[in-house]
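An overview of the molecular structure
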Amino acid sequence: MGKTSDISDKVMTVEEAVHRFIKDGIQLSIGGFTVTRNPMAIVYEIIRQKIKNLHVVCHSQGQALDVLIGAGCVKRLEIAYGGNGRYAPTCIRFRRAAQNGEIELEDYSNYQMSLRFLAGALGIPFMATKSGLGSDILNIEGFPKEIRGTGKVAKEKFVVMQNPFNDGEDNVVLVPALNPDVALIHAQYVGEDGTVRIKGLTFADVEQAKSADVVIVTCEEIVPTSYIRAEPNLNSLPNFFVDAIIKVPYGAHPTACYGFYDYDPKYLNMYRKMASDDNLFREYLEEWVFSISSHNQYLNKVGAERLFSIKANPVVGYAVGLDRK
Amino acid sequence: MKYTANEMMALSAGRMIKDGDIVFAGTGLSILAATAAKRIYAPKSVVFFETGGIDPTLDEMPMAVADLRTMSGAALNSGLIESFSIVGHKKLHTIAFLGAAQIDRYGNLNTTCIGDYHRPEVRFSGSGGANDVASLASSVITFMKHEKKRFVEKLHYMTSVGWYKGYDSRSKLGLKRGGVYGVVTNLCVMKFDEITKEIYLAEVYPGVSIEDVVKNTGFEIDTSRAVESSPPTEKELRILREEVDPQKLVL
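Let me sum up the structure you'll find in this document. Residue positions within a chain follow its written sequence, with the count starting from 1. To read the labels, note that chains go from A and ligands from 1, taken in the order they are written. Selection of residues for local features in this predicted model requires a pLDDT of at least 70, selection of side-chain atom pairs for listing and counting requires 80 or more, and totals for whole chains, interfaces and linings are taken over all residues. Values reported for side chains reflect all heavy atoms of the structure, with hydrogen atoms and water molecules removed beforehand.

**Notes on the interface of chain B and chain A**
Contacts were defined at the residue level, with two residues in contact if any of their heavy atoms lie within 4.5 Å. Residue-level contacts link 55 residues of chain B with 65 residues of chain A. Using a 1.4 Å probe, buried area is obtained as the accessible area two parts lose upon being combined, added over both of them. Roughly 4600 Å² of surface becomes buried between chain B and chain A when both sides are summed, with 56% attributable to carbon and sulfur atoms. The three residues of chain B that bury the most area against chain A are Leu68, Ile81 and Arg123 of chain B, which together make up 15% of that side's buried surface. The term salt bridge refers to a side-chain nitrogen of Lys or Arg lying within 4 Å of a carboxyl oxygen of Asp or Glu. Notably, a salt bridge pairs Arg69 of chain B with Asp262 of chain A, separated by 2.7 Å at the nearest N-O pair. Polar contacts, as counted here, are pairs of nitrogen or oxygen atoms within 3.5 Å of one another; within protein the pair requires one atom able to donate a hydrogen and one able to accept it, and residues that are adjacent in sequence qualify only if both atoms are side-chain atoms. Applying the counting criterion to the chain B and chain A interface returns 34 residue pairs in polar contact (both at pLDDT 80 or more). Only DSSP runs of H or I covering at least 4 residues are called helices, and only runs of E covering at least 2 are called strands; the numbering of each starts at the N terminus. Where the side of chain B that touches chain A is concerned, the elements lending two or more residues are α3 (80-87), β9 (122-123), α4 (130-136) and α5 (169-173) of chain B. Any residue that is not Ala, Val, Leu, Ile, Met, Phe, Trp, Tyr, Cys, Pro, Asp, Glu, Lys or Arg is counted as polar, Gly included; the first ten are nonpolar and the last four charged. By residue class, the composition of the side of chain B that touches chain A is 23 nonpolar, 20 polar and 12 charged.

Encoded structure:
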């Protein structure tokens, strides 16, 4: 009685989580959305451990994806949107890699990608939607023919079929399920029983987590079981989906985390400048990723004043009056 | 009273929103227009975001659809799948604001690339939810910078389908509802012919000539139905400046 679930075998460091679960060439699903809840602490560690040839799948991604691409970790990408809000309407290293043909790239829409994760989570081979009919998302394929049906690349990008329940002309698009090797999620809370709570918008994080073989969750706080179980309807994932739990305060910085901190405009503006030039970008990686040996060192480098400026007002969830230009 | 093209655009689009509309907002001008619509013309319209934030207070302007400001004080914070179940819901009149790098005469949009898709000269962010709302929403209003290179005969990539190839071609694809209602540019407002679904010039802003529009459009355009837009009133401008974007993040 009283004891719910022991998570001591799941609580680890980012170094250990990456070492154990992120291998060269895996299919990696990244949670969050553009400037919010990107799993940055894990992503920095993936770069430090020089993991290569990742096959990344996401809907709308921002900073985490861009740094991974810039650091040369990504070989293959299925995506709906690469952007960082006003700080980079198109992610800079993503744009460059696409223009230079440095990554294998396949475009879908946000809804299509979300449905692909949902299909994977439900254990069915595809989902149907009206999204995409007539568009070049269906007419043009990005992946080379020879990789179709290999690894975790679906045999077809999509299939258009006639609604089998209707005699009239009524096309639907079938999009293939995704079952990534690993999903990365950044949450506000994990209970001492391993229950995950995402506050604010969940995007497709729950579907992404449930469709993956391994789920790594970084969080702002590990909280008592009694707290997380007082309002179970607010929770996002039960503990049995989660394989690794890492407490990393400000673990989504420079992206935002509802109720905890806003995005960091100064950092994102600096990043835009440095990412726009190959030499500067190498300096960026050296200064902000490779020469950083712990998350505390990273936070010290960002500085208390900056972290305080983006600290969220706990009532409204964001940093009121933050200079966002 | 003096005003800018951005202000005229936000107000022109805002004027198209009616009470009861469910407005799907992106960022930039579209969030400005959606908020202006709610505060000036259609207090009973509801603003929501593809990320899942429904009817947030918008005390501060979000700068991305995943901005924490789309979650604050919302009626509901949901996820992407829930959000698209709203966009396409047949009970609702949903209007989506979109922007694009290129548009053609049937209101089809390109937000993916310039040049060949496999080795583009310029790569953009991609569809995001744009293709989805263009496929599913009751209606789309598009913001465009009015330049010849953006109003093109043929898109380099058709990210989002408008009226496709005109007439009933959209419906024949399997897209039974929706389509583009209007295009709002820094010079004018354009709409689509009921039958052919071809774009035509509906309004020119005060001080803009029809000739200005024609020479900045990369294809021939019907101007026979054009009237002059009414200029912004003092009240419209005051609410836009003081309540919608006091931090001047977009204006």
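**Considering a positive patch on the surface**
Residues qualify for a patch when their relative accessible area is over 30% and they have no salt bridge, like charges being joined within 9 Å and the nonpolar side chains of Val, Leu, Ile, Met, Phe, Trp and Tyr within 5 Å. Using a 1.4 Å probe, accessible areas were evaluated by the Shrake-Rupley method; residue-level cover was limited to the displayed protein chains. In this tally, Asp and Glu contribute negative charge and Lys and Arg positive charge; neither His nor the terminal groups of the chain are included. Charged side chains are reduced to one point each, which is NZ for Lys, CZ for Arg, CG for Asp and CD for Glu. Taken together, the side chains of Arg86, Arg272 and Lys325 of chain A together with Lys248 of chain B define a basic patch exposed on the protein surface. Its location among the elements puts Lys325 of chain A in the segment after α12 (304-310).

**Focus: the environment of Arg96 of chain A**
All names here are of chain A. Summarising the element assignment, Arg96 is placed in helix α4 (residues 92-99). Spatially, the C-alpha atom of Arg96 lies 30 Å from that of Ala17, the residues being 79 residues apart in sequence. Once residues within four sequence positions are removed from consideration, Arg96 is found in contact with Glu102, Ser276 and Asp278. Here the side chain of Arg96 touches Ser276 through a polar contact of 2.9 Å, landing on its backbone oxygen.

**What about the pattern of salt bridges?**
For the structure on display, the rule yields 35 salt bridges over all chains. In this structure, Arg48 of chain A engages Glu45 of chain A in a salt bridge whose closest nitrogen and oxygen atoms are separated by 3.0 Å. Separated by three residues within a single helix, Arg48 of chain A and Glu45 of chain A lie in helix α2 (residues 40-48), roughly one turn from each other. When accessible area is computed with a 1.4 Å probe and restricted to protein chains, residues below 20% of their type maximum are described as buried, those above 50% as exposed, and intermediate ones as partly exposed. Residue classification places Glu45 of chain A among the buried residues on the basis of a relative accessible area of 5%. Shared partners join several salt bridges into a network, and the residues in it are Asp262 and Arg324 of chain A together with Glu60, Asp67 and Arg69 of chain B.

**Concerning the pairing of strand β6 (residues 104-107) of chain A**
Residue and element names in this part refer to chain A. In β6, alternate side chains face the same way, and those of Glu104 and Glu106 on one face and Leu105 and Asp107 on the other are all buried. For two strands to pair, DSSP has to find at least two bridges joining them. With four bridges connecting them, strand β4 (residues 74-79) and β6 associate as parallel partners. Looking at β6, one finds that Leu77 is bridged to Leu105.

**Some details on the side chain of Asp193 of chain B**
All names here are of chain B. By the element assignment, Asp193 lies in the loop between β12 (188-192) and β13 (199-204). Since its relative accessible area comes to 17%, Asp193 is described here as buried. A polar contact of 2.9 Å, which involves the side chain of Asp193, links it to the backbone nitrogen of Thr196. Here the side chain of Asp193 touches Arg225 through a polar contact of 3.1 Å, side chain to side chain. Once residues lying within four places of it in the same chain are set aside, the contact partners of Asp193 are Glu198, Tyr200 and Arg225.

**Some thoughts on the sheet that holds strand β7 (residues 126-129) of chain A**
All names here are of chain A. One open sheet accounts for three strands, arranged β7-β9-β8; its pairing is antiparallel. Of all the strands in the sheet, just β7 and β8 (159-162) have a single pairing partner and so form its edges. Adjacent strand axes in the sheet meet at a mean angle of 35° when their direction is disregarded. Two elements, β8 and strand β9 (residues 171-176), share four bridges in a ladder whose sense is antiparallel. Opposite Met161, over in β9, you have Val172 as the bridge partner. Note on geometry: axes are lines fitted to C-alpha atoms, helical ones only across the stretch in contact, with angles between N-to-C directions running from 0 to 180 degrees.

**Some remarks on empty space enclosed by the protein**
All names here are of chain B. Method remark: on a 1 Å grid restricted to protein atoms, a set of points is classed as a cavity if a 1.4 Å probe fits but cannot get out and as a pocket if it is open with protein on both sides within 12 Å along at least five of seven lines; lining residues have an atom within 4 Å of a point. Grid points are joined across faces, edges and corners, and a volume is the space filled by probe spheres set on the points. Inspection of the entire model under this criterion finds one cavity of 30 Å³ or more. In this structure, the largest cavity encloses a volume near 40 Å³. Lining the largest cavity, in full, are Gly107, Leu109, Ala134, Val140, Ser160, Val161, Gly162, Arg170, Gly179 and Val180. Along the lines of polarity and charge, the residues of the lining of the largest cavity split into five nonpolar, four polar and one charged.

**Details of helix α1 (residues 5-14) of chain B**
Residues and elements named next belong to chain B. Counting buried residues along α1, eight of its 10 residues qualify, which places the element largely inside the surrounding structure. Those residues of α1 that fall on the buried side of the exposure criterion are Glu7, Met8, Met9, Ala10, Leu11, Ser12, Ala13 and Gly14. In the core, the buried residues of α1 are packed alongside α2 (29-41), β5 (94-99), β10 (139-144), β11 (180-185), β12 and α7 (234-244).

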